[in-house]
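The primary structure of each chain is shown beneath.
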Amino acid sequence: MVHAFFNPTQAAAFDALAPKTDSTFEIRYFHLHGQGGMSRTLIVIGTGGHSRLTNVHEGDWAEYKPTTPFGVMPLLTETSADGKTKLQIAESDSIERYLARKFGLFGSGSAFEEVLVNTFANNTQALIVEIINKFALVEDAEVKAANKRPLITDHIARWIKHHEEHLQAKGANGHYVGNKVTLADVKTDYVISMIQGVSGEELVSEEKTPAIWKVRQEMDKIEGVAAWKASEEYKSLDKENFEFLAY
Amino acid sequence: MIHPFFDPAQNTAFNALAHKTDSTFEIRYFHVHGMGAMSRTIAVIGGGKLSNVHAEDWATFKPTAPFGVMPLLTETSADGKTKLKIAESDAIERYLARKFGLFGNGSVFEEVLVESFASNTQALINQIFDKYTIIQDPAVKAANKGPLIDQHVARWIRHHEDHLQANGATGHYVGDKVTLADVKTDYVITIIQAMTGEELISEEKTPAIWKVRQEMDKIESVGVWKASEEYKSIGKDNYDLLGY
């Protein structure tokens, strides 16, 4: 039996809902930022706030897990404004791209800008995964400490050098492409928090990396983002994320 | 100064070339499969003329690459007048897959499905690379193998065999033609078998997954590429350096 998420009978309804920006959204994930944080950010950017975002913080994952297509979260459920159509998507990368496309976060629509956004976003995602695997998820304090130096020299420092250069070359306007937010900006805003979790202000700060920092500043000017980051729910996620993932 | 790969002055030319399928392609990478293999496969599926530059002079070339990494794609228009360059394996693969129609039938629904399966498989490829393939210390490698299989490989096999069976075990994740999702599964089969032989993946044990490999090999240009001296030579170095 085809999994409900992949049933082709929904193709027409799915395609009709895909460009709509007046839907409501549910993200099912743990009560952390982790691999769900950026999907949430994309929704608050696209909907101007978090009133149409419901976060289901998975407490009974063991029961729910077998019903999911790959046994992993996050999972997105989108419901049309009239309540009649639902769609569901698995895999954080797939969810993020779907939302970014819906809300126009791939640049101006040209192939060139899409490739640029993908290039920067993927380079940043690779760093996010390295930090998660070698630092955030490592429970053994000794291993974590041993991993920190190579993580910084082999991965973080190199990312910082290239991204500060590229953002400066573009005029340090806080955007990788054009003058509006894209998926590339969302990922850099996210990884800044992770890098600072590893190294405080030693590597990334307004003084040391002004062009990278400008991406964070421009993100925080977006109304939906500011409201979301100031919310009790977000602060509660911050707290637990720091306890479990150290950023 | 803006890196040439990102210079917006090329916007119009880039967009015009993006849709063309009669270009020639150069992929600059090491003389292994590694993170360059799938870009090569997609270019070959699309019928593109592919030349592989196996970078021996990487140390001199590296500072000019936008992120100091390979693979790097250069595409030249059929009339030789326009070039474009792309960095980052994922960006290259997506660009080529889009160019050659490997995201399904053009609907958002099929695109999302292809991305979901491809992303899940790429995550496994990354895990195996990170915890096994690039590990030099044989003790660490051996210690990592068990949990890697139990926590990642076995789960991937279970879900993908299920999904492919549910889609009729046609050898395709979406519809009835090759997509990026198929390309990634064809690649990970080789990587998994290098770790576990036929213990976990084989025609008998995972027929629906195996069918993806069989359908890929039926694509004429893929058959030609895999039979070529160049591919075999890359395979030998890949086995020596990366173990698969």
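Note that the structure is a prediction, hence the values are computed from the model and not measured.

Take helix H4 (residues 92-102) of chain A next. Residue and element names in this part refer to chain A. H4 sits mainly inside the fold: 10 of its 11 residues count as buried. Within the span of H4, buried status applies to Ser92, Asp93, Ser94, Ile95, Glu96, Arg97, Tyr98, Leu99, Ala100 and Lys102. The positive-phi residue at the C-terminal boundary of H4 is glycine 104, with phi of around 70°.

What follows is about the packing of helix H6 (residues 138-166) of chain B against helix H7 (residues 180-196) of chain B. Residue and element names in this part refer to chain B. Relative orientation of the contacting elements H6 and H7 amounts to 140°, with a least axis distance of 12 Å. Judged by the sense of rotation from one axis to the other, the crossing of H6 with H7 is left-handed. Together, Lys145, Leu148, Ile149, Val153, Trp156 and His160 of H6 and Thr185, Val188, Ile192, Met195 and Thr196 of H7 make up the contact between the two elements. Looking at the contact of H6 with H7, its residues break down into seven nonpolar, three polar and one charged.

Under the local residue numbering, the UniProt record ascribes the feature "domain: GST C-terminal" (unreviewed entry) to residues 110-242 of chain A. End C-alpha to end C-alpha, residues 110-242 of chain A measures 38 Å, and it is 77% helix and 0% strand.

Turning next to the pairing of strand S1 (residues 24-29) of chain A. Residues and elements named next belong to chain A. The pairing of S1 with strand S3 (residues 75-79) spans five bridges and is antiparallel. Its bridge partner being in S3, isoleucine 27 is matched across the sheet by leucine 76. One ladder, built from five bridges, connects S1 with strand S2 (residues 53-57); its direction is parallel. Paired with phenylalanine 25 across the strands is leucine 53, a residue of S2.

Glancing now at the packing of aromatic side chains. Scanning the entire structure with this criterion turns up 26 aromatic pairs over all chains. Their ring planes at 65° and their centres at 4.9 Å tell us that phenylalanine 112 of chain A and phenylalanine 14 of chain B sit as a pair that is edge-to-face. Of this pair, phenylalanine 112 of chain A sits in helix H5 (residues 111-136) while phenylalanine 14 of chain B sits in helix H1 (residues 11-18), each in a different chain. With respect to burial, phenylalanine 112 of chain A and phenylalanine 14 of chain B carry one shared label: buried. Plain terms: the ring middles of phenylalanine 120 of chain A and tyrosine 176 of chain A are 4.8 Å apart, the flat faces sit at 35° to each other, and that makes the pair tilted. Residue phenylalanine 120 of chain A is located in helix H5, and its partner tyrosine 176 of chain A is located in the loop between helix H6 (141-169) and helix H7 (183-199); the two are separated by 56 residues in the primary sequence. Both residues of the pair, phenylalanine 120 of chain A and tyrosine 176 of chain A, belong to the buried class.

The rules behind these values
- Sequence order sets the numbering: in each chain, residues are counted from 1 along the sequence as written.
- Working convention: letters from A go to chains and numbers from 1 go to ligands, in the order in which they are written.
- Residues qualify for local features only when their pLDDT is at least 70, as the model is predicted, and side-chain atom pairs are given and counted only at 80 or more; totals for whole chains, interfaces and linings, by contrast, use all residues.
- Only heavy atoms go into the side-chain values, all of them from the structure, while hydrogens and water stay out.
- The buried label goes to any residue with under 20% of its type's maximum accessible area, the exposed label to any with over 50%, and the partly exposed label to all in between, with areas taken from a 1.4 Å probe on protein chains only.
- Here a strand is any run of E in DSSP of at least two residues, a helix any run of H or I of at least four, and the numbering for each starts at the N terminus.
- Under this scheme, a helix contributes an axis fitted over its contacting stretch, all axes are lines through C-alpha atoms, and angles between N-to-C directions fall in the 0 to 180 degree range.
- Note on convention: the crossing is left-handed when the near helix lies turned anticlockwise from the far helix by less than a right angle, right-handed when the turn is clockwise.
- The contact criterion used throughout is that any non-hydrogen atoms of two residues lie within 4.5 Å.
- The residue classification treats Ala, Val, Leu, Ile, Met, Phe, Trp, Tyr, Cys and Pro as nonpolar and Asp, Glu, Lys and Arg as charged. All others, Gly included, are polar.
- UniProt positions are given in the numbering used here, feature names are shortened, and annotations may be inferred rather than shown by experiment.
- The pairing criterion is simple: DSSP has to find at least two bridges between the two strands.
- Pairing of aromatic rings covers Phe, Tyr and the six-membered ring of Trp, with a centre-to-centre limit of 6.5 Å; geometry is then stacked below 30 degrees between planes, edge-to-face above 60, and tilted otherwise.

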